[in-house]
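Read off the chains here:
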Amino acid sequence: MQRIIAPSVLSADFGHLERDIRMLNDSRAEWIHIDVMDGVFVPNISFGFPVMKPIRQASPKFMDVHLMIIDPEKYVERFVEAGSDLVTFHLEATKDPRKCIDLIRKAGAKVGISIKPATPIEDLKEWLSDIDLVLVMSVEPGFGGQSFMPHSIEKVAGIRKMAETLNPNLMIEVDGGISSKNARLLFDAGAEALVAGSAVFKAEDPKQEIINMLNA
């Protein structure tokens, strides 16, 4: 299985965003993670299309967009148009997962579904064969810098087991409290992509921390 680190620009220095994107371009991170929050589904607000476009222009890397917004079906096509390679929406945020999946796929991007820490993995079963990725939140979505929830490791292992028959090519991503201290546990459980915000951007040597996570 592959190992991918997806640094979250939510933790970047927005006064020096171009510098931080250049650093990621020179690093071994394959993806750039974009957290989009609406202040309704989660108690915080972050950036949208105007910030995504310059990031897309500044980086050739895979753009991994995580929508923490209600009614994502209203916006998913625009996020693909803004440069998303993968659009992940929350299962808890829509009444029509099928519509979200179909709109993202038709627009030309890969499709992901995310679940909050309290959401049972069984709720994903109906959709696993139709998507490319599941994003397991290992903290409550909405804020950076939270502590990792250990039971997320069991969730990853459970999703990997379900995917063996429903979608062997399914990728599992984990977001929240990730660092080189817990990366190996998640990779061993079946995750392939790890989102890291504070661990990367607050590290003394961000590029080395990415390597440390990959080699955990």
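We now turn to the structure provided with this report. Each residue is numbered by its place in its chain's sequence as written, counting from 1. Given that the model is predicted, a residue must reach a pLDDT of at least 70 before its local features are reported, and side-chain atom pairs must reach 80 or more before they are shown or counted; all residues, however, enter totals for whole chains, interfaces and linings. Side-chain descriptors were evaluated using all non-hydrogen atoms of the structure, hydrogens and water having been removed beforehand.

## Re the side chain of Ser 46
Secondary structure is summarised from DSSP: a helix means a run of H or I of at least four residues, a strand means a run of E of at least two, and numbering begins at the N terminus for each. Summarising the element assignment, Ser 46 is placed in the loop between β2 (31-37) and α2 (49-58). You can call Ser 46 buried: its relative accessible area is 19%. We call two N or O atoms a polar contact when they sit within 3.5 Å, provided that within protein one can donate a hydrogen and the other can accept it, with sequence-adjacent residues counted only if both atoms are side-chain atoms. Here Asp 35 takes part through its backbone oxygen, which lies 2.7 Å from a polar atom of the side chain of Ser 46. By definition in these notes, contact holds between two residues if any of their heavy atoms fall within 4.5 Å. Beyond its immediate sequence surroundings of up to four residues, Ser 46 is in contact with Leu 10, Asp 35, Val 36 and Met 37. Relative accessibility decides the category of a residue: with a 1.4 Å probe and only protein chains considered, values under 20% of the type maximum give buried, values over 50% give exposed, and everything between is partly exposed.

## Here's the deal with the layout of surface pockets
Rolled over the atoms, a probe as big as a water molecule pinpoints where empty space is left. In this structure, the second largest pocket encloses a volume near 180 Å³. Considering the residues around the second largest pocket, the lining is formed by 14 residues, among which Val 36, Asp 38, Ile 69, Ile 70 and Tyr 75 are closest to the centre. Polarity classes work like this: nonpolar for Ala, Val, Leu, Ile, Met, Phe, Trp, Tyr, Cys and Pro, charged for Asp, Glu, Lys and Arg, and polar for all others, with Gly in that last group. When the residues that make up the lining of the second largest pocket are grouped by side-chain class, the tally is 9 nonpolar, 2 polar and 3 charged. Buried and open spaces are told apart on a 1 Å grid over the protein atoms alone, a cavity being a set of points where a 1.4 Å probe fits but cannot get out and a pocket being an open set with protein on both sides within 12 Å along at least five of seven lines. Residues with an atom within 4 Å of a point are the lining residues. Grid points are joined across faces, edges and corners, and a volume is the space filled by probe spheres set on the points.

## Some details on the pairing of strand β6 (residues 133-137)
A large share of β6 lies buried, amounting to 5 of its 5 residues. Burial of the side chains of β6 extends over both faces: Leu 133, Leu 135 and Met 137 are buried on one face and Val 134 and Val 136 on the other. For two strands to count as paired, DSSP must find a minimum of two bridges between them. Where strand β5 (residues 110-115) lies against β6, 4 bridges are found, and the strand directions are parallel. What sits directly across from Ile 113, in β6, is Val 134.

## As for the packing of aromatic side chains
Aromatic ring pairs are reported here in terms of the distance separating the ring centres and the angle at which the planes meet. The criterion for an aromatic pair is that two Phe, Tyr or Trp rings (for Trp, the six-membered ring) have centres within 6.5 Å, with stacked assigned to planes under 30 degrees apart, edge-to-face to planes over 60 apart and tilted to the rest. Going through the model one piece at a time under the given rule, you end up with 2 aromatic pairs. Seen in terms of ring centroids, Trp 31 and Phe 62 are 4.6 Å apart; in terms of plane orientation they differ by 25 degrees. Their pairing is stacked. Residue Trp 31 is found in strand β2, and its partner Phe 62 is found in strand β3 (residues 62-68); the two are separated by 31 residues along the sequence. Note on geometry: a ring has a charge over it if NZ (lysine) or CZ (arginine) is within 6 Å of the ring centre and within 35 degrees of the ring normal. Geometry around Phe 41 places Lys 116 over its ring, the cationic atom sitting 4.4 Å from the centre.

## Let's talk about helix α1 (residues 17-25)
Taken together, the buried positions of α1 are occupied by Leu 17, Asp 20, Ile 21, Met 23 and Leu 24. The buried side chains of α1 occupy one side of the element, clustering within an arc of 155 degrees when seen end-on. Those residues of α1 hidden inside the fold are in contact with β1 (4-7), β2, α2, α7 (198-201) and α8 (206-214). Note that the arc is computed from the directions linking the helix axis to the C-beta atoms.

## Some details on the sheet that holds β2
The strand order β1-β8-β7-β6-β5-β4-β3-β2 describes an open sheet built from 8 strands, whose pairing is parallel. Among the strands making up the open sheet, the edge pair consists of β1 and β2. Neighbouring strand axes in the sheet, compared pairwise and without regard to direction, differ in orientation by 25 degrees on average. With 7 bridges joining them, β2 and β3 adopt parallel strand pairing. Of the residues in β3, the one forming a bridge with Trp 31 is Phe 62. Packed on one face of the sheet, α2 meets β2 and β3 and runs near 165 degrees to β3. Axis geometry follows a simple rule: fit a line to the C-alpha atoms, using only the stretch in contact for helices, then measure angles between N-to-C directions, giving values from 0 to 180 degrees. Sheet contacts for α8: β1 and β8 (193-196); angle to β1, the most-contacted strand, approximately 145 degrees.

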